[in-house]
Amino acid sequence: MQKVGIVIGSVRPNRRSMQVAAWLKRQLQKETKVQYDLIDLKKVDLPMMAEPHLPVTGLYTQQKTRAWSALIQQYDGFIFVFPQYNWGYPAVLKNAIDYLAKEWQGKPVSLVTFGGHGGTQAQLAMKMVIAGLKMQALPVNLQIDLLPADSLAVAERKLNSYNWQVELLSECFDKFFKQQRIK
Ligand SMILES: Cc1cc2nc3c(=O)[nH]c(=O)nc-3n(C[C@H](O)[C@H](O)[C@H](O)COP(=O)(O)O)c2cc1C
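Per chain, residues are indexed from 1 in the order of the written sequence. Local features in a predicted model are, by the rule used here, given only for residues with pLDDT of at least 70; side-chain atom pairs are given and counted only at 80 or more, and totals for whole chains, interfaces and linings are based on all residues.

1. A closer look at the overall build of the chain
For the chain, the helix and strand inventory stands at 7 helices and 6 strands. For a compact globule the rule gives 2.2 Å times the number of residues to the power 0.38, and the radius of gyration it is set against comes from C-alpha atoms. Whereas a compact globule of 183 residues would reach a radius of gyration of roughly 16 Å, the chain reaches 16 Å, a difference of no more than 12%. Counting only C-alpha atoms, the chain reaches 45 × 40 × 25 Å along its principal axes. Comment: burial labels come from other C-beta atoms within 10 Å of the residue's own C-beta, placed from the backbone, where a count of 20 or more is buried, 12 or fewer is exposed, and between is partly exposed. Counting only residues that meet the buried cut, the chain has 33% of its 183 residues in that class. For the chain, the proportion of contacts with a sequence separation of at least 24, taken over those separated by at least 6, is 79%. Elements are defined by DSSP. Helices are runs of H or I of four residues or more, strands are runs of E of two residues or more, and each kind is numbered from the N terminus. Remark: residues whose backbone-derived C-beta atoms lie within 7 Å of one another are considered to be in contact.

In structure tokens form, the structure reads like this:
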């Protein structure tokens, strides 16, 4: 069974990303054989880049890096869920990505951003990063309009209006993995 990791890309207290990621996982798992797991960067708890060697060498000196590498190697694809911070992505997500190299390469990835205007700029900025990493950018990427002041209930209602896009994303992963099996 293929496994997709939903990386929760912000770590603030009361972060909205938890709600978005939990909703996404619920919707994705409705009609698929793919396993979707949450990967919480708060639990992974990496320090700011603390490795002396280039990540591409795979020479990791810290236990936390080795554990992070082992975790990411288990997955066949990823969804990065993150808010827009000052027209970019949260530093914690970039830091976690930068720790590794080959673990990401060639794997399919979709971006799910949120913010006042769907996190458009954050998504654009991350597209450059995933191209640099030589990941396979999937054509379905969500930009979710959420306001910081939205209550949990209001946000849930807004999230549910994107369910049809999550269906497309699920189909997209299914097709990608099917294609991979044929090759
Ligand atoms: C440091 C910071 C910068 C932000 N910058 C933007 C921004 O540029 N555009 C935007 O639409 N929202 C911005 N916001 C609002 C966030 O997108 C919104 O609060 C979101 O819920 C944050 O996600 P989080 O709760 O998971 O951290 C910013 C929030 C923070 C904390």
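2. Quick look at the site of the ligand
In this analysis a residue is considered near a molecule or strand if the C-beta atom, reconstructed from its backbone, is found within 6 Å of that molecule or strand. Taken together, 14 residues form the shell around the ligand, and within it Arg15, Arg16, Pro83, Gly115 and Gly116 come nearest. A per-class count over the shell around the ligand returns 4 nonpolar, 7 polar and 3 charged. Three residue categories are used. Nonpolar comprises Ala, Val, Leu, Ile, Met, Phe, Trp, Tyr, Cys and Pro, charged comprises Asp, Glu, Lys and Arg, and polar comprises the others, including Gly.

3. Quick word on the environment of valine 44
Note that valine 44 resides in helix H2 (residues 41-44). Along the backbone, valine 44 and threonine 65 are 21 residues apart, and their C-alpha atoms lie at a distance of 9.4 Å. Beyond its immediate stretch of four places on either side in the chain, valine 44 contacts Trp68 and Ala96.

4. Some details on the nonpolar core
Formed by 44 residues in total, the largest nonpolar core has its most connected members in Ile6, Val7, Val20, Leu24, Ile79, Phe80 and Val81. Ignoring sequence-local partners within four residues, the contact set of valine 81 consists of Ile6, Val7, Ile8, Gly9, Ser17, Val20, Ala21, Leu24 and Val112. Any nonpolar core is a set of buried residues, restricted to Ala, Val, Leu, Ile, Met, Phe, Trp, Tyr and Cys, that join up through C-beta atoms within 7 Å.

5. Focus on the packing of helix H1 (residues 17-28) against helix H6 (residues 152-160)
Close contact between H1 and H6 brings their axes to 11 Å; oriented N to C, the two are set at 40°. Classified by the angle between their axes, H1 and H6 sit oblique to one another. In the crossing of H1 with H6, the sense of the turn from one axis to the other is right-handed. In this structure, H1 uses Gln19, Val20 and Trp23 to contact H6, whose residues at the interface are Leu152, Ala155, Glu156 and Leu159. Under this scheme, a helix contributes an axis fitted over its contacting stretch, all axes are lines through C-alpha atoms, and angles between N-to-C directions fall in the 0 to 180 degree range. Geometric relationships in this document are graded by angle, where less than 35 degrees denotes roughly parallel, more than 145 denotes roughly antiparallel, 65 to 115 denotes roughly perpendicular, and other angles denote oblique. Two helices cross in a left-handed way if the nearer one is turned anticlockwise from the farther one by less than a right angle. They cross in a right-handed way if the turn is clockwise.

6. Some remarks on the pairing of strand E3 (residues 77-83)
Counting buried positions over the 7 residues of E3 gives 7, a clear majority of the element. Side chains Gly77, Ile79, Val81 and Pro83 of E3 all project onto a buried face; the interleaved residues Phe78, Phe80 and Phe82 project onto the opposite face, where all are buried too. Should DSSP find at least two bridges between two strands, the strands are regarded as paired. Pairing of strand E1 (residues 3-8) with E3, which is carried by 5 bridges, proceeds in the parallel orientation. In the strand pairing of E3, glycine 5 is matched with phenylalanine 78.

7. Details of the packing of H1 against helix H7 (residues 163-182)
Across the interface, H1 lies against H7 with an axial gap of 9 Å and an inter-helix angle of 60°. Taken together, the axes of H1 and H7 lie oblique to each other. Both H1 and H7 take part in a crossing whose hand is right-handed. On the side of H1, the interface is formed by Leu24, Gln27 and Leu28, while H7 contributes Asn163, Val166, Leu169 and Ser170.

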